[in-house]
Amino acid sequence: MSPVVVVATAVVLLPGLLIGAALRVRGILLWGFAPAAGVAALAVSAGGLGLLRVGWSVWTAGFAVLLLAGVTALIGRSLAPARLEVLRPGRSVAISAAVAAGALLGMVRMASLIRSPDSVSQTNDATFHLNALRFISESGSASSLDLLGAINASGFYPAAWHAVASTVAALTGADVVRVANATSLAIAGPIWSLSIASFVWCATRGARVATIAAALMSPALLAFPFYALDFGVLYPYALSVAVLPGVLAVLVALAASHRDAGGAGAETVQRRWLAVLASAVGLAAIALAQPAALLIWVIGAVSLVLWIVHMKWPGSSRRRRIWLLVTAFAVVVAAALLWVVLMRFSPSVLWSSRMSLLPAVVDLVLNDSVGPGPAVTMSALAIAGIVVVGCRRPLRWLLLYGAAISMLTLVAVSVRNEAIRGLLSAWYADPHRFIMMMPLVVIPLAAIGVAGIRSLIRRRSRTAGGVAVAVIAVVLLVETTVWGVIDARSARSDYGVTATSYLSIDERRLLERLPRYVDPDDRVLGDPSAGAAFGYALSGVDVVPRTWSMPGDAAYTVLGEELVDLANEPAICEALASTGIDYVLDFGQSTAGAGREDRPGLTGFADATGFRKVAQQGDASLWRITGCD
């Protein structure tokens, strides 16, 4: 495992363990909660330092995290001297080994998609995220209030992923591409494996077999985390969803401890306060990574609360039932308000549906929405898990949780009505983002299914129960490996160079060499849809645009359409003067793909007047604009 990956894992887990320990979270819950707590610590520290105009560095970040841990400990101890744990701390060599194995398999599968530590994600969003990392290193701010400065804009942009990745860069000195890839491996491996295992541990009230199964199954579905870290590429969304199960586990742990204590007593009240504090920390991590994932947590929380109300209803007094109704009503209203708020601040542009309802249902049941083929074993185990959950009353809230997420996914994938799709605007009504949620449901159910099958067979023979689990593990490993190999060898991965990728090898080499030819104060223009949007990230030179689309002002529109005709259009000099452009990159015609547009004014300079060639690498070239001198 690369040292940069080790650092990326440690950057998240060590602050998280410190914050979790300060809240006196213990056992498996602590390890599952640590990724969210670590992300929150770094993102909040970055925001605070940004407001104070203190530079973002390893030393300032470390001091801020220690300060946050101290404040958290003081608040926690003043409100609740008890510890927050569910059932027992859950120290288990077998569970630890399973988490380690799941994390390793996850990193191997993610590495097979990335292919090389210095592979660039050839996707629209990657241009912004890599440029943002370069911007943080130069500006000294990783604050969510400052990050849009990377594209000369202002406003709020959730920067938790960038705070994590920039800290890794500062500690290792690795370039932005290697840092982004290492952070992806950390998310796909230990962060996701710890988080989902902790959730299953708490949801099943300490079932070892189910927890071990969840950890080992964490890399079994392409839909998450791998698709999120390949398609898009959705770095922030992947981070928020990866830490989410550990945050939801805190709420589940509170419900379990409350139920075990009979719902009364000072210690139960103290645990309640600890859970509130821990949940606030976890929700901060999600909100500062990708706020849309807050609604996934809300779905889980509402499902759990409504089921608890349902279970308590039969034996409750009239007065108690009134309180239960008020609680249920308040939770639903709060969830609806949050949903509306996030919709209000979401873009109006929505993705379209992918297919009709029946094929969408089939794909969902077979876990075949993405990837080279259906995950038959996981699907069968999840169905077994549904049966087990249906037979165990305390677990039935998982059916509400799973049904809600499945229904939203089906709507996103198959419903064409714009008004209905508008309800999903927090996710841009993007079918892919909903498909990425499904492992949050499928893996816990499949893990419970494994435990149920083992229990059923073990009633007849203890040996047979163990053999059954071993057979399931082998079949699942073979299936996952086969699909993983097919995926890695196919054209599905968005890493590396293909006929339709943004950035060719020659273009990348020229961008990396730009500092040899361009002065620090010069500005370079290029066609973002042809790969030039990676220029700033790869060189440090002021290459614009820094995202996949051109800026909206008229000057850039003129340059994109007409710059090559400089000799015949004197007004172009005014556009160059207003934008401060000194050089232009010629990367040929734009490649095909969503969000990419041809800009005829940014190619063909060899046959144009008013341009002097400065450098060339293969078909890629750099030109000094001389026609306005």
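Fair warning: this is a prediction, and the values are worked out from it, not measured in the lab. Every chain is numbered independently, its residues counted from 1 as its sequence is written. Residue-level local features of this predicted model are given only where pLDDT is at least 70; pairs of side-chain atoms are given and counted only at 80 or more, and the full residue set underlies all totals for whole chains, interfaces and linings. Hydrogens are left out, water is left out, and the side-chain values use all remaining heavy atoms of the structure.

Undergrad: Is there a simple way to think about the overall build of the protein in this case?
TA: The number of helices and strands found in the protein is 24 helices and five strands. Along the longest, intermediate and shortest principal axes, the C-alpha atoms of the protein span 85 × 50 × 50 Å. Each residue gets one of three labels from its accessible area relative to the maximum for its type: buried under 20%, exposed over 50%, partly exposed in between, using a 1.4 Å probe on protein chains only. Considering the protein as a whole, with its 629 residues, one finds that 58% of them fall into the buried category. Each accessible area value is a Shrake-Rupley result obtained with a 1.4 Å probe; residue values ignore everything except the protein chains displayed when judging cover. Only carbon and sulfur atoms are counted for the fraction: they give 63% of the accessible area of the protein, which is about 25400 Å². Strands are runs of DSSP state E lasting at least two residues, helices are runs of H or I lasting at least four, and both sets are numbered from the N terminus onward.

Undergrad: Got a minute to help me understand the environment of Gly47 in this structure?
TA: Within the secondary structure, Gly47 is located in helix α2 (residues 27-51). Judged by relative accessible area, which is 17%, Gly47 ranks as buried. Spatially, the C-alpha atom of Gly47 lies 37 Å from that of Leu445, the residues being 398 residues apart in sequence.

Undergrad: In this structure, what is going on with the confidence of the model for the protein? I would like to understand it.
TA: Should the pLDDT be low somewhere, the predicted coordinates at that spot are not to be read in detail. In predicted models, pLDDT denotes the confidence assigned by the predictor to each residue on a 0 to 100 scale. Mean pLDDT over the protein works out to 89, with 93% of the residues at or above the 70 mark. The weakest mean pLDDT in the protein belongs to helix α19 (residues 462-489) at 77; the strongest belongs to helix α6 (residues 160-172) at 97.

Undergrad: What is the right way to look at the pairing of strand β3 (residues 583-586) in this model?
TA: Sheet faces and side chains relate simply in a regular strand, where the side chains alternate between the two faces. Neither face of β3 is left uncovered, since the one carrying Tyr583 and Leu585 and the one carrying Val584 and Asp586 both have all their residues buried. Here, a strand pair is defined by DSSP locating no fewer than two bridges between the strands. Direction of pairing for strand β1 (residues 523-525) relative to β3: parallel, over a ladder of two bridges. By the bridge assignment, Leu525 is partnered in β3 with Val584. Relative to strand β5 (residues 620-625), β3 runs antiparallel, the two sharing four bridges. Bridged to Leu585 within β5 is Leu622.

Undergrad: Looking at this structure, how should I read the environment of Leu445?
TA: Tracing the backbone shows Leu445 in helix α18 (residues 438-458). Placed 285 residues apart in sequence, Leu445 and Ala160 show a C-alpha to C-alpha distance of 29 Å. Discounting residues that sit within four places of it in the chain, Leu445 has contacts with Leu381, Ala382, Gly385, Ile386 and Val389. By the convention used here, residues are in contact when the closest approach between their heavy atoms is within 4.5 Å.

Undergrad: Quick question: what am I supposed to make of the state of the cysteines here?
TA: A covalent bond bridging the sulfur atoms of two cysteines is what the word disulfide describes. A pair of cysteine sulfur atoms is labelled a disulfide when the two atoms are within 2.5 Å. In this structure the tally under the stated criterion is one disulfide. Paired through a disulfide, Cys573 and Cys628 show a sulfur-sulfur distance of 1.9 Å. Taking the sign of the S-S torsion, -90° for the link of Cys573 and Cys628, the bridge is left-handed. Note that Cys573 is positioned in helix α24 (residues 571-579) and Cys628 in the segment after β5, a separation of 55 residues in sequence. Owing to a relative accessible area of 34%, Cys628 belongs among the partly exposed residues under this scheme.

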